[in-house]
Amino acid sequence: MSKSGHQIAILPGDGIGLEVTAEAEKVLRTVAEHCGDQFNLKHGLVGGVAMDATGKALPEATLALCRASDAVLLGAVGSPKYDDPRAAVRPEQALLGLRKELRLFANLRPVRLHPSLAEASPLRTELVRDIDLIIVRELTGGIYFGAPRLEGSERAVDTMVYTRAEVQRITHVAFRIAGGRQRTLRGRPVPAKVTSVDKANVLACSRLWRLTVEAVAEEYPDVELEHLLVDAATMHLIKRPADFDVILTSNMFGDILSDETSVLAGSMGLLPSASMAKGRFGLYEPIHGSAPDIAGRGIANPLAAILSAAMLLRHSLGMEAEAQAVEAAVAAVLDAGHRTADIAAPDQPAVTTARMGDLVVEAFTQDTTQMRCR
Ligand code: IPM
Ligand code: MG
């Protein structure tokens, strides 16, 4: 039985973006086939490759393609060719442009540790074993979208603004996620918690943030709320990462904290992200960058892109069972000991990007004969 079609925009972008999105596409096509769904995957240009072709990091045609889609899967942007800090056009502008134009105000970055990769974390296994947190980062406000001004070579200005409405809507996202997660710690259920991170001892925006978060929290009596100052948060994340559940924070602090947490989990190559608008529309991307040093060699880890595709199934297409099946397939492949070069032990043979994608497809196909599709 064929179901209504879904439009998915694929923006591979730069460097390894091309290789990893190709594997995520394989997985999406397998899911569609398995469930009798129609996925219409259309490609667009973004980042350095778009600058090469059109002079713009985010061409109009790409934006139009995204607007006509139910969801967007992005690889990575950034290229050494365009790294000059004086340049007027930079590949990264595409990301900021997509966030603003598509109103992607809620950035979700789940961080979980796959048990067999605990050794890859820079922290001791007993500290990181139970990490299972999600960063909810405000993505279209704050200092990222102020009024930047470079005044000659002597002075520069950035501005930071937050409105109560902006803080309210991201806070609701965080509390809803916390309420629905049913997290367990060492096998036992733990109460849902939101940790709001700010700098309320210094910044006015953070004081508004804190007051607003407290007011919204009253609507969620089953979710615990704690506040941490951002400097303390960076420390607690290293000392007791498994205590965190949902971390709610602003654009800039979320950028910084999500790099810190990603490294705790052992490999950047494994972590997906979602950037959501109101409703179901979202853009999904691995949190790793374009890694130009290894691009084109077929050795990049496609699992973060594949797990991003799983988030796309879950959040934009409402296909929870299928999303879980993809996540289970990734876990099965890791359990079976398959590793790309970034996570392989020094004496272990690594599989290629394409082989890793095939392995996930095989595991998905074997495991889902009993699965009920949406
Ligand atoms: C991220 C990236 C971006 C950001 C850059 C590339 C603009 O670091 O998605 O975390 O700062 O938001
Ligand atoms: Mg970042």
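Computed from a predicted model, the values in this text were never measured in an experiment.

Conventions used here
- Once a new chain begins, its residue numbering starts again from 1 and follows that chain's sequence as written.
- Chain letters start at A and ligand numbers start at 1, both assigned in the order the entries are written.
- Local features in this predicted model are restricted to residues whose pLDDT is 70 or higher, and side-chain atom pairs enter the listing and the counts only when it is 80 or higher, whereas totals over whole chains, interfaces and linings include all residues.
- Side-chain metrics in this entry use all non-hydrogen atoms of the structure; hydrogen atoms and water are not considered.
- For two strands to be treated as a pair, DSSP must find at least two bridges joining them.
- Labels follow the DSSP assignment, with helices taken as runs of H or I lasting at least four residues and strands as runs of E lasting at least two, numbered in each case from the N terminus.
- Note on geometry: axes are lines fitted to C-alpha atoms, helical ones only across the stretch in contact, with angles between N-to-C directions running from 0 to 180 degrees.
- Any two residues whose heavy atoms approach within 4.5 Å at even a single point are treated as in contact.
- For the exposure calls, accessible area comes from a 1.4 Å probe over protein chains only, and a residue counts as buried if that area is under 20% of its type's maximum, exposed if over 50%, partly exposed in between.
- Assignment of crossover handedness uses the view with strands pointing away from the viewer, where a clockwise path from the first strand over the helix to the second indicates a right-handed crossover.
- Where each domain begins and ends follows an automated or database-derived domain assignment.
- Buried area is understood as the total, over both parts, of accessible area removed when two parts are fitted together, assessed with a 1.4 Å probe.
- A helix is expected to reach a length of 1.5 Å times the quantity of its residues less one.
- When two rings of Phe, Tyr or Trp (its six-membered ring) have centres within 6.5 Å they constitute a pair, described as stacked for plane angles under 30 degrees, edge-to-face for angles over 60, and tilted for the intermediate range.
- A ring is scored as having a charge over it whenever the NZ atom of a lysine or the CZ atom of an arginine sits within 6 Å of its centre and within 35 degrees of its normal.
- Note on terminology: near, applied to a residue and a molecule or strand, indicates that one of the residue's heavy atoms is within 4 Å of it.
- Residues adjacent in sequence count toward polar contacts only when both atoms are side-chain atoms; beyond that, a polar contact is any pair of N or O atoms within 3.5 Å, and within protein one must be able to donate a hydrogen and the other to accept it.
- Note that accessible areas follow from Shrake-Rupley with a 1.4 Å probe, and for residues the cover is restricted to the protein chains shown.
- Whether a set of points on the 1 Å grid over the protein atoms alone is a cavity depends on a 1.4 Å probe fitting there but being unable to get out, while an open set qualifies as a pocket with protein on both sides within 12 Å along at least five of seven lines; lining residues are those with an atom within 4 Å of a point.
- Criterion for pocket placement: a molecule counts as inside a cavity or pocket if more than half of its atoms are within 2 Å of its grid points.
- Grid points are joined across faces, edges and corners, and a volume is the space filled by probe spheres set on the points.
- Ten residue types, Ala, Val, Leu, Ile, Met, Phe, Trp, Tyr, Cys and Pro, are classed as nonpolar, four, Asp, Glu, Lys and Arg, as charged, and the remainder, Gly among them, as polar.
- As used in this record, nonpolar core signifies buried Ala, Val, Leu, Ile, Met, Phe, Trp, Tyr and Cys residues forming a set joined through side-chain atoms within 4.5 Å.

### Structural notes on the sheet that holds strand E13 (residues 272-276)
In space, the 10 strands of this open sheet follow the order E2-E1-E3-E14-E13-E4-E5-E12-E10-E11, with mixed pairing throughout. Two strands close off the open sheet at either side, each with one partner strand: strand E2 (38-43) and strand E11 (224-229). If you compare each strand with its neighbour and ignore which way they point, the axes differ by 20 degrees on average. Relative to strand E14 (residues 282-286), strand E3 (residues 71-76) is paired through three bridges, and the arrangement is parallel. Bridging across to E14, Ala-71 finds its partner in Gly-282. The strands that helix H1 (residues 17-35) touches are strand E1 (5-13), E2 and E3; relative to E3, the one it contacts most, it runs at about 145 degrees. Contacting strand E4 (106-112), strand E5 (132-138), strand E10 (193-198) and strand E12 (246-249), helix H9 (residues 251-264) runs over the sheet at an angle of about 155 degrees to E5.

### Comments concerning the pairing of E1
Along E1, seven of the nine residues are buried, which leaves the element largely enclosed by surrounding structure. Sheet topology places E1 next to E2; six bridges connect them, and they run parallel. Its bridge partner being in E2, Gly-5 is matched across the sheet by Gln-38. Of the crossover connections in this fold, the one passing from E1 over H1 to the parallel E2 is right-handed.

### Looking at the environment of Ile-238
By the element assignment, Ile-238 lies in helix H8 (residues 230-239). On the basis of relative accessibility, which here comes to 39%, the residue Ile-238 falls in the partly exposed class. Residues Ile-238 and Arg-103 lie 135 residues apart in sequence; the distance between their C-alpha atoms is 32 Å. Sequence-distant contacts of Ile-238, that is, excluding residues within four places in its chain, are made with Leu-123, Leu-127 and Glu-260.

### What to know about the domain arrangement of the protein
The domains assigned to the protein are domain 1 (1-113 + 268-374) and domain 2 (122-264). Between the C-alpha centres of domain 1 and domain 2 the distance comes to 24 Å. Taken together, the contact pairs 18 residues of domain 1 with 22 residues of domain 2. Interface of domain 1 and domain 2: buried area, both sides summed, is about 1,900 Å²; carbon and sulfur atoms make up 64% of it.

### Let's talk about helix H11 (residues 320-335)
An α-helix turns once every 3.6 residues. As a result, residues three or four positions apart point the same way. The end-to-end C-alpha separation of H11 is 22 Å, in line with the 22 Å expected for 16 residues at 1.5 Å each. When we look at burial in H11, the residues that qualify are Glu-322, Ala-323, Ala-325, Val-326, Ala-329, Val-330, Val-333 and Leu-334. For H11, the secondary structure elements touched by its buried residues are H1, helix H10 (303-315) and helix H12 (353-367). After H11 finishes, the residue Gly-337 shows a positive phi value of roughly 95 degrees.

### Some thoughts on the packing of aromatic side chains
Per the counting criterion, the structure on display carries two aromatic pairs. When the ring of Tyr-162 is compared with that of Trp-209, the centres are 5.5 Å apart and the planes differ by 65 degrees; the resulting orientation is edge-to-face. Of this pair, Tyr-162 sits in the loop between strand E7 (155-157) and helix H6 (164-180) while Trp-209 sits in helix H7 (residues 204-217); the two residues are 47 residues apart in sequence, bridging distant segments of the chain. Positioned above the aromatic ring of Tyr-144, the side-chain terminus of Arg-137 is 5.2 Å from the ring centre. Residue placement shows Arg-169 over the ring face of Phe-105; its charged tip is 4.2 Å from the ring centre.

### Some points on the site of ligand 1
Surrounding ligand 1, one finds Glu-92, Leu-95, Arg-99, Arg-109, Arg-137, Tyr-144 and Asp-255. In this structure, an oxygen atom belonging to ligand 1 sits 2.9 Å away from a side-chain N or O atom of Arg-109. For ligand 1, an oxygen atom lies 2.9 Å from a polar atom in the side chain of Asp-255. Notes on ligand 1: free accessible area 320 Å², of which the protein chains cover 72%. Judged by the fraction of its atoms near the pocket grid, ligand 1 is located in the second largest pocket.

### A look at the layout of surface pockets
Here the largest pocket is characterised by a volume of approximately 1,200 Å³. Looking at the largest pocket, it is lined by 39 residues, and the ones nearest its centre are Pro-110, Arg-112, Met-311, Arg-314 and His-315. Taken together, the elements giving at least two residues each to the lining of the largest pocket come down to E4, E5, H6, E13, H10 and H11. Top element by residues in the lining of the largest pocket is H6. It accounts for six residues. Classifying every residue of the lining of the largest pocket gives 21 nonpolar, seven polar and 11 charged. If you count residues domain by domain, the lining of the largest pocket takes at least three from each of domain 1 (1-113 + 268-374) and domain 2 (122-264). The computed volume of the second largest pocket comes to approximately 820 Å³. Mapped onto the lining of the second largest pocket, the elements with two or more residues apiece are E3, helix H4 (93-101), strand E6 (149-151), E7, H9 and E14.

### Let's talk about the nonpolar core
If you look at the biggest cluster of nonpolar residues, it comprises 69 residues, and the most contacted ones within it are Phe-39, Leu-108, Val-136 and Leu-313. Per-element tally for this core: the top contributor is H10, with nine residues. In terms of domain composition, this core takes at least three residues from each of domain 1 (1-113 + 268-374) and domain 2 (122-264). Setting aside its immediate chain neighbours within four residues, Leu-108 contacts Ile-134, Ile-135, Val-136, Val-173, Ile-177, Pro-272, Ser-273, Ala-274, Met-276, Met-311 and His-315.

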